[in-house]
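The lines below spell out each chain.
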Amino acid sequence: MPGFKAAFTNELFKLLKKKKLIISVILSIIAVLIGQAAVTAVQTGFGLRIAGSTEFPLIVLPVFMYTILPMFATFVVIDMFNGEFTSNTMKLTLTRPVSRFGVFTAKVANVALFIMGNLMFVMILSLVVGFIFNPASTGLIGVLRVILAYAATFFPVFVFSLLVVVLSNMLRSGLAVFFLTILLFIGFIVLSFLFSQYSSFFITSLFDWYSRWISESMNVFKLMRQALLLLGYGIMLFSAGYYLYDRKDL
Amino acid sequence: MVNAIEIIGLSKQYSNGRGIRDLDLTVDQGDIFGFLGPNGAGKTTAMKIMTGLMKPESGDVRIFGTSILTNYVEAIRHVGCIIETAESYPYLSANDNLKLFARYYPDVDQRRIDECLDITGMLPYKHEKARRFSLGMKQRLGVAAAILSRPKLLILDEPLNGLDVEGMLDMRRLIKRLNEEEGTTFFISSHLIHDVELTCTRIGVIYGGKLVNVEYTSNILANYASLENYFVSEVDRNARV
């Protein structure tokens, strides 16, 4: 794909220069530290053991993946699409020798990299914090379970961010995309409770599929079905996002 | 010799009725082509289609023989452009802005970036963030970005926008120099008709989305007192039709 490498490097360069990245890192650190403070307070105050060193990252994960991670992934997507459309800087890239597909893929790949990097950062941070506060219960199997859980979490969050990519290419205002994303996020959660038999169709209900990966009895067929659902959503949303992006007149 | 630009039956209509209709035009290699027309005539629309920012309803644009619709990457490889306004990433320095664009061209290195910043008088502000630049400085940075890859064709929409007198003179000199020394073809739209008269070798007039006339500047000036007179008479003639 001609120009993809340059477009990918440029998107990464722009992402690293933005303050949002620093804010997301700071918020991630704060979330992990507050989590550990709460765990320590309960353990010392009530004498209850809540989490061992490798269990702590698994306590942090659901909180992180339902709040900071999708929120900042949404910010990054809005910045990459709506931000560049409204500030007229999108044309700077599109008038260079690179196809629209190359630019779109480079942007989406950077969103994926952001989610991956953010997950990895929180995983390492929470593991380190867990080791420091609960050094006695350290084990290799536990660490592997944490890595598996964080790696599995990447997929549903990435698919959700592809939905935001579609919205970003449908609506001109970044603010409208942000609020619509929040509404959809809450709506999906509510709907998956109300219509639990159809919950697999709502992306947010797949957010906690990591728990199936690390459970004692792994249901391979259910995992396979969910993986295929995620893949299907991913392909459809990527295609829809690219279709809208390619048709856009600047 | 293949034409620098060949526009064939290009049409694009907006919902308000404006746009371009059946535009046919050829620009030879080495031309400095002035594209003139009143506001809303379709100049920017044509330029946006030429640079792939917009898709036409029908027709095609060939840049050095390569279609912009079927082989965009190859067609745009030899093109530098400023469309509507010279934009830059405000949170990046002038140097970082140009570094981003340089990644698309394997033969553009830091020395070439410095050279372009020097040509446009932006070298002293190399490490300043673009958000602090004045309109004229942003325009100069836009020009630096457009000439960075030593393009064979430069498409410039209002290149003198925001420039002071000295900047305008510099820009005119730069256009002449690149045209004479490197054989760069220019496609320029500007409302500053005096500058167009002094710079361009051929003039095309667009009115109501249609190309109404194309003529060499020397021929125009042989028959009219100034390019302004020619332009006004062309616009009046077509407004009456």
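Being a predicted model, the structure only gives us computed values, none of them experimental.

Our next topic: the overall build of chain A. Along its length, chain A carries ten helices and zero strands. The N-to-C order of helical and strand elements in chain A reads α-α-α-α-α-α-α-α-α-α. Rg of the C-alpha trace for chain A: 19 Å, near the compact-globule value of 18 Å for 250 residues, within the 12% margin. C-alpha atoms of chain A, sized along the principal axes, occupy 65 × 40 × 30 Å.

Take helix H1 (residues 4–17) of chain A next. Structural remark: α-helix, 3.6 residues per turn; residues separated by three or four positions point the same way. Between its first and last C-alpha, H1 of chain A extends 20 Å over 14 residues, near the 20 Å set by a 1.5 Å rise per residue. Contact partners of the buried residues in H1 of chain A: helix H2 (19–46), helix H4 (68–86), helix H5 (90–94) and helix H6 (100–133) of chain A together with helix H3 (94–102) of chain B.

What follows deals with the packing of H4 of chain A against helix H7 (residues 140–170) of chain A. All names here are of chain A. The N-to-C vectors of H4 and H7 enclose an angle of 30 degrees; their axes lie 9 Å apart at closest approach. One element, H4, and the other, H7, form an angle in the roughly parallel class. Regarding H4 and H7, the two cross each other, and that crossing is right-handed. For the pair H4 and H7, the contacting residues are Leu 69, Pro 70, Ala 73, Thr 74, Val 77, Ile 78, Phe 81, Asn 82 and Phe 85 in the first and Val 157, Phe 160, Ser 161, Val 164, Val 165, Ser 168 and Asn 169 in the second. When grouped by side-chain class, the residues that make up the contact of H4 with H7 number eleven nonpolar, five polar and no charged.

What follows concerns the environment of Ala 7 of chain A. Tracing the chain through its elements places Ala 7 of chain A in helix H1. Counting along the chain gives 89 residues from Ala 7 of chain A to Arg 96 of chain A, while the straight-line C-alpha distance between them is 9.5 Å. Each residue touching Ala 7 of chain A, except ones within four places of it in the same chain, is listed here: Val 98, Gly 102, Val 103 and Ala 106 of chain A together with Tyr 104 of chain B.

All names here are of chain B. Taken as a whole, chain B shows an average pLDDT of 90; of its residues, 100% reach a score of 70 or greater. The spread of mean pLDDT over the elements of chain B runs between helix H9 (residues 227–240), the lowest at 84, and H3, the highest at 95. Both scores are given for the predicted complex: the pTM is 0.90, the ipTM 0.89.

Attention now moves to the sheet that holds strand S1 (residues 5–13) of chain B. Residue and element names in this part refer to chain B. Here we have four strands laid out as an open sheet, ordered S2-S1-S4-S5, and antiparallel in their pairing. Both outer strands of the open sheet, strand S2 (19–27) and strand S5 (66–67), are each paired with one neighbouring strand and no more. For strand S4 (residues 58–63) and S5, the ladder comprises two bridges, and the chain directions are antiparallel. Each residue of the ladder has a partner; that of Arg 62, found in S5, is Ser 67.

As a further point, take unusual backbone geometry. Phi angles above zero are rare outside glycine, and Asn 88 of chain A is one such case at about 65 degrees. Among the structural elements, Asn 88 of chain A can be located in the loop between H4 and H5. On the basis of relative accessibility, which here comes to 29%, the residue Asn 88 of chain A falls in the partly exposed class. Backbone geometry at Arg 150 of chain B places phi at a positive 50 degrees, although glycine is not the residue there.

The rules behind these values
Residues numbered from 1 in each chain as written. Chains lettered and ligands numbered in written order. Predicted model: local features only at pLDDT ≥ 70, side-chain atom pairs only at ≥ 80, totals over all residues. Heavy atoms only, no water. Helix = DSSP H or I, 4+ residues; strand = E, 2+ residues; numbered from the N terminus. Rg over C-alpha atoms; globule rule 2.2 N^0.38 Å. Expected span 1.5 Å × (residues − 1). Contact = heavy atoms within 4.5 Å. Axes fitted to C-alpha atoms, helices over the stretch in contact; angles between N-to-C directions. Parallel < 35°, antiparallel > 145°, perpendicular 65-115°, else oblique. Left-handed = near helix turned anticlockwise from the far one by under 90°. Nonpolar A, V, L, I, M, F, W, Y, C, P; charged D, E, K, R; others polar. pLDDT = per-residue confidence, 0-100. Pairing = 2+ DSSP bridges. Buried < 20%, exposed > 50% of the residue type's maximum accessible area, 1.4 Å probe, protein only.

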